[in-house]
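Fold and geometry: a report
In case you want the letters, here they are:
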Amino acid sequence: MTKVLAEIYKNISRCKICGVLKPISIECNFSNCKLIDKKHNKICVVENISDQWSIENSSIYEGYFHILGGTLSSVGQKREDLLINSLVERVNKDNIEEVILATSATVEGQTTAYYIQDSLKKSKVKITKLAQGLPVGGEIESLDDGTLFSAFKNRSKINSE
Ligand SMILES: [Zn+2]
């Protein structure tokens, strides 16, 4: 069993661009990363893959994802591990028009959102945040579809660009 698991982990790596976990042997071709569909001009920033799944399952969002893999204040989480430089690059290179910050309504999640907003201040991109109404301390993955839907629908612009 252990050997099987080790075998699996050996063949999985994290995409250095969008943060999704993928088999080492293939290029990242998930909708996260590549401009498969040019009509998409949004990137939704989430803390982990289960947040992405919740958002995908609710069918309220069409566009790319960026998986941070944690928050700034998570123990041992370094800024470069959150792939924020890569996010800034993606925004500039792929002509992204909106970055949706879908981090948790926790202190860590909000600190991380603020840091991302600050990192993107030179990019001409609209930055939005999910609406209030997220329960304090609420993690995206634990929200029901209705709450997630209205948080998305009522998201607000937080920068002046
Ligand atoms: Zn990728």
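Residues numbered from 1 in each chain as written. Predicted model: local features only at pLDDT ≥ 70, side-chain atom pairs only at ≥ 80, totals over all residues. Heavy atoms only, no water.

Here the focus is the sheet that holds strand β3 (residues 42-46). The strands making up a sheet are joined through hydrogen bonds of the backbone, oriented either antiparallel or parallel. Spatially, β4-β3-β5-β6-β7 is the arrangement adopted by the five strands of the open sheet, whose pairing is mixed. What marks the edges here is a single partner per strand, and that holds for β4 (64-67) and β7 (156-157). (Pairing = 2+ DSSP bridges. Helix = DSSP H or I, 4+ residues; strand = E, 2+ residues; numbered from the N terminus.)

As a further point, take helix α4 (residues 107-119). Under the 1.5 Å per step criterion, the end-to-end length of α4 is 18 Å for 13 residues, consistent within 8% with the ideal 18 Å. Listed in full, the buried residues belonging to α4 are G109, T112, A113 and I116. Looking straight down α4, one finds that the buried residues subtend no more than 105° of arc, so they occupy a single side. Away from its buried face, by an angle of more than 90 degrees, α4 presents the exposed residues V107 and Y114. Those residues of α4 that are buried are in contact with β3, α3 (84-93) and β5 (98-101). (Expected span 1.5 Å × (residues − 1). Buried < 20%, exposed > 50% of the residue type's maximum accessible area, 1.4 Å probe, protein only. Arc of directions from axis to C-beta. Contact = heavy atoms within 4.5 Å.)

As a further point, take the packing of aromatic side chains. Under the criterion given, the structure shown has two aromatic pairs. Measuring from centroid to centroid gives 5.2 Å for Y61 and F65, while their planes differ by 75°, and the two rings are edge-to-face. Given a relative accessible area of 2%, F65 falls into the buried group. Geometrically, the ring pair formed by Y61 and F152 is tilted, given 5.8 Å between the ring centres and 45° between the ring planes. Here the residue Y61 occupies a position in the loop between α2 (49-57) and β4, and F152 occupies one in helix α5 (residues 145-153), the gap between them amounting to 91 residues. Accessibility classification places Y61 together with F152 in one group, the buried group. Clustering of aromatic rings is evident, with ring pairs tying together Y61, F65 and F152. (Phe/Tyr/Trp six-rings, centres within 6.5 Å; stacked < 30°, edge-to-face > 60°.)

Attention now moves to the side chain of T128. Structurally, the position occupied by T128 is in strand β6 (residues 126-129). Judged by relative accessible area, T128 falls into the buried class, the value being 2%. Those residues in contact with T128 that lie beyond four places of it in its chain are E98, V99, I100, L101, R155, S156, K157 and I158.

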